[in-house]
Amino acid sequence: MTTSRYDGDRERTFTALPPARGRSFAQTWWGRAWLRALEDTALDAQQVKTGGRLARAGAVGAVSVRPGRITAVVRDRDGTAHRADVLLEELTGEQWDRFTDMAAERAGHVAALLEREMPPHLVEDAAAAGIELLPGMGDLEPECGCGAWDHCGHTAALCHQVARLLDQDPFVLLLMRGRGEQAVLDALQAHGRAADAEEAPRAEGVDAADAYATGSLLPPLPAPPELPREPGVPPSLDAGAAPPPGIDVGALSLLASRAAAEAHRLLAGALRPGHAESAPEAELTVAQDAVRLAVGDPEPSVAARLADGSGRDGHAMAAAVRAWRQGGAAALSVLEEEWEVEGDALARARSALESAWDEDERPSLRARANRWTVVGAPRQLRLGRDGRWWPYRGEGERWLPAGDPAHDPASALEAAGPAAGDEP
């Protein structure tokens, strides 16, 4: 987590972030949109890659964010320091008024911002009102002390670092567009007071016809429940007496505890902003659900039943549980499914692998289906059907998940651990 200091509500300065090893720069969709604007604007893609490497190595100093400008000192590999600036056009006063009107009309917009989220429908509603919050092609204008007239490695490194700041707080983007967090919240609060003042005082009592006409309307829905910090604990099934024949108390206890954990997870998802616009989750197969239950660390007899019922031996079930803890059903699919990468998917995979490393740094990879193994080292990349790369590492006779997935294969492979002296 970063720290920042405020200069009124017109400038925020963020302390230098640590090196970004083993992770993508942008985890949120708006952070990725920021980096796409950099890639679309820069004329030299190699400079964008250079900037990513500098930022990943921790070469970007404290970042100052002001309306229309971000600034930081970026150091080359030899230690030479350059002041890098990136300019972004501010919104006009009239545009800010339209943004306030738009955001105040939907309580979900304000709630999302307060939760440090920027749901797609907020950006879409803003665009419909003629306000482009996220930058597009050509919107990120570079200025650098190195003398480059286009984006150089220093301004690209600054943009990569700002993507990490945007992940944590979308108010950073609003400050670049001209207004700090407190100014935005004050405007929204003033808008609410004005709307309340415009309501005409109602006469005492109501017309009988109006009262009868509204009598059949349902009352408003109650407020959503608060999410408990942890799943509930099911009651103990230990009654002090032997259970009836055919009743496995250990299995019932596991089902109850996993049902509570799943209910907590589903409620957390339902309370997140934008849930109504998200696609429903696919129903789990019997084999997948067995792994979900096994994640609850059942007693050995129940674990053996789950493994047998899912068609796995003990080692395979342990690997499946490890994958599920890494990323649920998607991670389990990457562990157990081998599929042929063809057509556009193969072209995108090859392009990603070729651009992830410099020519002299690229590891030697042996490809088979959706799996790329480092020659001479127990490290492997697996491509998921969603386009993410998953790191794997050889342990004994098995390949097991070694870290979180990434859209950048170099970041994923780094998460699999060091290569020096490794032999599979």
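Scroll up to find the structure this text is about.
### Comments concerning the overall build of the protein
The secondary structure content of the protein amounts to 15 helices and 11 strands. Burial status across the protein gives 39% buried among its 424 residues. At a minimum sequence separation of 6, the contacts of the protein that also span at least 24 residues come to 65%. Here the protein has roughly 23600 Å² of accessible surface; of this, 53% comes from carbon and sulfur atoms.

### Some remarks on a nonpolar patch on the surface
There is a patch of nonpolar side chains on the surface, built from Ile247, Leu252 and Leu255 and spanning about 250 Å² of accessible area. Take Leu252: it is sitting in helix α10 (residues 249-271).

### Some details on the pattern of salt bridges
Per the stated rule, a full pass over the model turns up 19 salt bridges. Here Arg98 makes a salt bridge to Glu94, at a shortest N to O gap of 2.3 Å. With Arg98 and Glu94 both in helix α3 (residues 93-105) and four residues apart, this pair spans about one turn of that helix. For Arg98, a relative accessible area of 27% puts it in the partly exposed group. Relative accessible area serves as the criterion here: at 45%, Glu94 is assigned to the partly exposed category. Across the pair Arg116 and Asp169 runs a salt bridge whose closest N-O atoms are separated by 3.1 Å. With Arg116 in the loop between α4 (107-114) and α5 (120-128) and Asp169 in the loop between α6 (153-168) and α7 (171-176), this residue pair connects regions lying 53 residues apart in the sequence. What makes Asp169 buried here is its relative accessible area of 7%. Beyond isolated ion pairs, a larger network of salt bridges with shared partners links Arg12, Arg116, Asp169 and Glu181.

### Focus: the packing of aromatic side chains
Applying the stated criterion across every chain, the model contains three aromatic pairs. Taking 5.6 Å as the distance between ring centres and 85 degrees as the angle between the ring planes, the aromatic pair formed by Trp96 and Phe99 counts as edge-to-face. Remark: Phe99 and Trp96 occur in helix α3; sequence separation between them is three residues, near one turn of the helix. On the accessibility criterion, Phe99 (1% relative accessible area) is buried. The aromatic ring of Tyr392 is capped on one face by Arg382, whose charged end is 4.1 Å from the ring centroid.

### With respect to the sheet that holds strand β8 (residues 371-374)
Strand pairing in a sheet takes place through backbone hydrogen bonds and is either antiparallel or parallel in direction. A sheet is described by the order of its strands in space; here five strands give the open sequence β7-β8-β9-β10-β11, paired in antiparallel fashion. Every other strand in the sheet has two partners, leaving β7 (365-368) and β11 (398-401) as the edge strands with one partner each. Neighbour to neighbour, the strand axes of the sheet diverge by 30 degrees on average, direction disregarded. As paired strands, strand β10 (residues 389-395) and β11 are joined by four bridges and run antiparallel to one another. Bridging from a neighbouring strand, Arg393 pairs with Leu400 of β11.

### What about the packing of helix α1 (residues 29-41) against α6?
Packed helices, taken two at a time, are described by the angle their axes make and the gap between the axes. In the contact formed by α1 and α6, the axes pass within 8 Å of each other and the chain directions differ by 165 degrees. It follows from the interaxial angle that α1 and α6 lie roughly antiparallel. Here α1 and α6 pass one another in a crossing that is right-handed. Facing α1, whose interface residues are Trp30, Gly31, Trp34, Leu35 and Leu38, α6 presents Ala156, Cys159, His160, Val162, Ala163, Leu166 and Asp167. Classifying every residue of the contact of α1 with α6 gives nine nonpolar, two polar and one charged.

### Re helix α12 (residues 300-309)
Among the residues of α12, Val302, Leu306 and Ala307 are the ones counted as buried. What you see down the axis of α12 is that its buried residues fit within an arc of 135 degrees, all on one side. Along α12, exposed side chains directed more than 90 degrees from the buried face belong to Pro300, Arg305 and Asp308. For α12, the secondary structure elements touched by its buried residues are α10, α11 (286-294) and α13 (314-336). Looking at the residues trailing α12, positive phi occurs at Gly311, about 80 degrees.

### Concerning α1
With 13 residues, α1 should cover 18 Å at 1.5 Å per step; its first-to-last C-alpha distance of 18 Å lies within 8% of that length. Among all positions of α1, only Trp30, Gly31, Ala33, Trp34, Leu35, Ala37, Leu38 and Thr41 are buried. Taken together, the buried residues of α1 touch α2 (45-56), β4 (69-75), α6 and α7.

### Observations concerning the pairing of β7
Bridge analysis of β7 against β8 gives four bridges, and the strand direction is antiparallel. Paired with Leu365 across the strands is Val374, a residue of β8. Counting the residues in the hairpin turn of β7 and β8 gives two residues, including Ala369, whose phi is positive at 55 degrees.

What counts and how
Residues numbered from 1 in each chain as written. Predicted model: local features only at pLDDT ≥ 70, side-chain atom pairs only at ≥ 80, totals over all residues. Heavy atoms only, no water. Helix = DSSP H or I, 4+ residues; strand = E, 2+ residues; numbered from the N terminus. Buried < 20%, exposed > 50% of the residue type's maximum accessible area, 1.4 Å probe, protein only. Contact = heavy atoms within 4.5 Å. Areas by Shrake-Rupley, 256 points an atom, 1.4 Å probe, with all protein chains shown as cover. Patch = residues over 30% accessible without salt bridge, like charges linked within 9 Å, V, L, I, M, F, W, Y side chains within 5 Å. Salt bridge = Lys/Arg side-chain N within 4 Å of Asp/Glu carboxyl O. Phe/Tyr/Trp six-rings, centres within 6.5 Å; stacked < 30°, edge-to-face > 60°. Lys NZ or Arg CZ within 6 Å of the ring centre and 35° of its normal. Pairing = 2+ DSSP bridges. Axes fitted to C-alpha atoms, helices over the stretch in contact; angles between N-to-C directions. Parallel < 35°, antiparallel > 145°, perpendicular 65-115°, else oblique. Left-handed = near helix turned anticlockwise from the far one by under 90°. Nonpolar A, V, L, I, M, F, W, Y, C, P; charged D, E, K, R; others polar. Arc of directions from axis to C-beta. Expected span 1.5 Å × (residues − 1).

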